[in-house]
Amino acid sequence: MNKYAKQIQFFKNSIEGLKAQLEKSEGEKKTAIENRIKEAEEVISELEALANNNDAEVAARKIAAIENRMLTVENTMLKANIAEPKIDIQKIVNSASFANDFFSVVKNSETAADFRANLLEMVEMKHGIKNDVAALKNLLPGYIVNEINDAFVGRRHRLLELVRWTNLPCYKSLFETDNDPAFPYTLAEAASESQKAAQTRAYTTITIRPKFIYKLAKIDRELEKAGSYNGDVLVKFIVAELLDRILFSVEKNILAGLNVDNENVFVSPAVLDFDSSTEIPDARSYLFNTDSAIAIMDNTMFVRLKRSAMSNYNTIITDDMLAGLMGVQEIVITNAASAASEGTDAVWFLNVNDYVMVGDARPDQYENFNLSYNKKEYLMEIFVGGGCVNPLNFVRVNDSN
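Residue positions are given per chain, counting from 1 as you read along its sequence in written order. In keeping with the model being predicted, local features are shown solely for residues with a pLDDT of at least 70 and side-chain atom pairs are shown and tallied solely at 80 or more, while totals for entire chains, interfaces and linings include all residues. Computation of side-chain values covers all heavy atoms of the structure but excludes hydrogens and water.

A. Region of the structure containing helix α12 (residues 299-313). In this model α12 runs 21 Å from its N-terminal to its C-terminal C-alpha over 15 residues, within 8% of the 21 Å that 1.5 Å per residue would give. Those residues of α12 that are buried are in contact with β7 (270-274), β8 (293-297), α13 (319-325), β9 (330-333), β10 (346-351) and β14 (394-399). Backbone nitrogen of Thr300 and a side-chain oxygen of the N-cap are separated by 3.3 Å at the start of α12; the cap is Asp298. Each helix is a run of H or I in the DSSP string that is no shorter than four residues. Each strand is a run of E no shorter than two, and both are numbered from the N terminus. Positioned one or two residues after α12, Asn314 has a phi angle of 55°, which is positive. Here the expected span of a helix is defined as 1.5 Å times the quantity of residues minus one. We call two residues contacting when some pair of their heavy atoms lies within 4.5 Å. In protein, a polar contact requires one atom able to donate a hydrogen and another able to accept it; more generally it is a pair of N or O atoms within 3.5 Å, and residues adjacent in sequence count only if both atoms are side-chain atoms.

See below:
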C-alpha cells in the first residue's frame, strides 16, 4: 500500500474545495487560489513518483526534501483554504449604492419577516456580507441608524429615554392598597400572643400588556418617482417621518393612558387639580417619593409656571430653579402633553424608576426594523405598552386657573 496514500488523498480533496472557491472568485483572490492548486498538484505528483520509485537509494535521498515541502503546503491548507478579504461593513452600509439597494428591498417586502430575509439575501449576494455573521442592526444604512439614535438625543423624545424599557412580553406587579397600621400594645399584653391581631393585606394587581402601535404614510407617485433615482433621500424622509409619529404616539399614551379590550396597554395616571395663579405645583405634595421624579408639560404650561414663579418671588427664575421649586430632577417639555391633555393645561409628575415599558426594546436598541411596503404605502410599527408599577408615583395635575 502506498505509504503516502492519505497525504495524496488530502491534497486531492483540498484541490476540489479550492476549485469550488475558484468559480466565484476574481482578481487577486482568484490568482491566489490558482497558485495554491498548482502547489498541491505538484506535491501530489512528487509523492506518487516517490511511492512508485523502486530504487530505494534514490528515494531515500529525495524523501526528506519532499516531505518538508509536503508538510509546508499541508499546514497551509489546514489553517485555511483562502483567507476572505476583510469587509468594512460600516463603509458599505453607509454608501449611496447600498442605500438604493436597501430601498429596493423595502419596496419589495410585504412584511417585516420578508424584509429581514430579503435584506440578508441582498447584502450577501450584492455586497459580500455573510448573513450568518452579520447582525441585522449592522445592515441598516447609516442615516437610518443615526435618525433612530438622534430621536433619543437632547429633548426630541426625552420622556422615552428616561422611562425603563424592560423588553419583557408582559409585566405584572402587586400594589398594596390597604391602610393597616402597626398596632401598639401594653407590657401586660406582651406575654399574651392572643392579644395581637394579624395584619390584613389587600393588593391590586397591575398588569401591563403591549399592543402594536403603527403609523402609515402614503407616498404620491411624483415623490416615488424621484425617490427611485435617489433612494436614500426618500427612505430617510420616511424613517424620520414615521419614527417621530410613532414615538409621539407612545409619549401621548404614556401621559393619557390607553386601554384596549379591557386590557391596560398604558396605565393612566391619577388626576388632581392645582391653581397656577397661587401656587407652583410641587411633586413632593403629590408623589409617594421623589427620588427620580420628573415634571412633564408642554411649552405653554412651562412658560406660565415660570412667569408665575417670577411674579410670586419677584426675581429671575431659571429653568433649574423652577425644577427645584417643583421638587423634580428635570422638567421634560413635550408636545405630547398638549395632545394628552386635550386642551386642558396640565403637569404630570412621574417617578421614572417606577415606570416600565414592555414589548419591544427601545427603538435605538433593538434590531427589528419593521418598515414594510405595499402599494406605495410605508408602515412602521412597534410592539409596546407601559405603566407605573406604583400608582402613587404617577399623577396628572390640571391647572384650574
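Structure shown, so let's carry the discussion forward.
B. Region of interest: the pattern of salt bridges. A pair is scored as a salt bridge if a Lys or Arg side-chain nitrogen falls within 4 Å of a carboxyl oxygen belonging to Asp or Glu. Under the criterion given, the structure shown has eight salt bridges. Between Asp399 and Arg304 there is a salt bridge, with its nearest N and O atoms 2.8 Å apart. Taken together, the positions of Asp399 in strand β14 and Arg304 in helix α12 put the pair 95 residues apart, joining distant regions of the chain. Exposure categories follow from relative accessible area, calculated using a 1.4 Å probe and restricted to protein chains: below 20% of the type maximum is buried, above 50% is exposed, and the middle band is partly exposed. Residue classification places Asp399 among the buried positions, given a relative accessible area of 8%. One salt bridge connects Asp319 with Lys306, and the closest N-O pair in it is separated by 2.5 Å. With Asp319 in helix α13 and Lys306 in helix α12, this residue pair connects regions lying 13 residues apart in the sequence. You can call Asp319 partly exposed: its relative accessible area is 40%. Here the salt bridges do not stand alone but share partners, grouping Arg158, Glu161 and Glu330 into one network.

C. Structural view of the packing of aromatic side chains. The pairing test for Phe, Tyr and Trp rings, Trp by its six-membered ring, is centres within 6.5 Å, and the orientation test on the planes gives stacked under 30 degrees, edge-to-face over 60, and tilted for anything in between. A complete count under the given rule lists three aromatic pairs for this structure. Judged by centre distance (5.7 Å) and plane angle (20°), the rings of Tyr286 and Phe349 are stacked. In this pair, Tyr286 is assigned in the loop between β7 and β8 and Phe349 in strand β10, connecting sequence segments 63 residues apart. Ring centres of Tyr355 and Phe394 lie 5.8 Å apart, and the angle between their planes is 80°; this geometry places the pair in the edge-to-face category. Taken together, the residues span a long stretch of sequence, with Tyr355 in strand β11 (residues 355-359) and Phe394 in strand β14 at a distance of 39 residues. Residue Tyr355 is classed as buried on the basis of its relative accessible area of 0%.

D. Structural detail: the environment of Gln9. Tracing the chain through its elements places Gln9 in helix α1 (residues 5-23). Taking C-alpha positions, Gln9 is 8.7 Å from Ile44, a pair spaced 35 residues apart along the chain.

E. Molecular detail of the nonpolar core. Residues grouped as a nonpolar core are buried Ala, Val, Leu, Ile, Met, Phe, Trp, Tyr and Cys residues, joined through side-chain atoms within 4.5 Å. Grouped together as the largest cluster of nonpolar side chains are 33 residues, with contacts concentrated most on Leu159, Val250, Phe266, Leu350, Tyr355 and Met357. Elements that contribute at least two residues to this core include exactly α8 (158-162), α11 (231-256), β6 (263-266), β8, α14 (336-341), β10, β11 and β13 (377-388). With nine residues, α11 is the largest single contributor of residues to this core. The contacts of Leu350, once residues within four sequence positions are left out, are Leu159, Val163, Leu287, Ser292, Ala293, Ile294, Ile296, Tyr355, Cys388, Asn393 and Phe394. Tyr286, Met297, Met326 and Ile331 belong to the second largest nonpolar core, which has 22 residues in total.

F. The environment of Phe248, seen in detail. Examined against the element boundaries, Phe248 turns out to sit in helix α11. The residues touching Phe248, leaving out its near neighbours within four places in the chain, are His157, Asn335, Ala336 and Ala339.

G. Representation of the side chain of Ser249. Here Ser249 lies in helix α11. What makes Ser249 buried here is its relative accessible area of 12%.

H. Examining the sheet that holds β8 more closely. Only strands joined by at least two bridges in the DSSP assignment are considered to pair. Across the sheet, five strands lie side by side as β7-β14-β10-β8-β9; this open sheet has mixed pairing. Among the strands making up the open sheet, the edge pair consists of β7 and β9. The mean angle between the axes of side-by-side strands here comes to 25°, regardless of whether they run parallel or antiparallel. Note that β10 and β14 share five bridges and pair antiparallel. Residue pairing in the sheet places Ala346 in a bridge with Asn398 of β14. Seen against the sheet, α12 touches β7, β8, β9, β10 and β14 and runs at an angle of roughly 110° to β8. Note on method: axes are straight lines fitted to C-alpha atoms, helices fitted across the in-contact stretch only, with angles between N-to-C directions ranging 0 to 180 degrees.

I. Region of the structure containing unusual backbone geometry. With phi around 65°, Asn262 is a residue other than glycine that occupies positive phi space. As for its position among the elements, Asn262 is in the loop between β5 (258-260) and β6. Despite not being glycine, Asn314 shows a phi value in the positive range, around 55°. One can find Asn314 in the loop between α12 and α13.

J. Layout of the pairing of β6. Across three bridges, β5 lies against β6 in antiparallel orientation. Considered in β6, the bridge of Asn259 is made with Asn264. Remark: two residues form the turn of the hairpin made by β5 and β6, two consecutive strands paired antiparallel; Asp261 in that turn has positive phi of roughly 55°.

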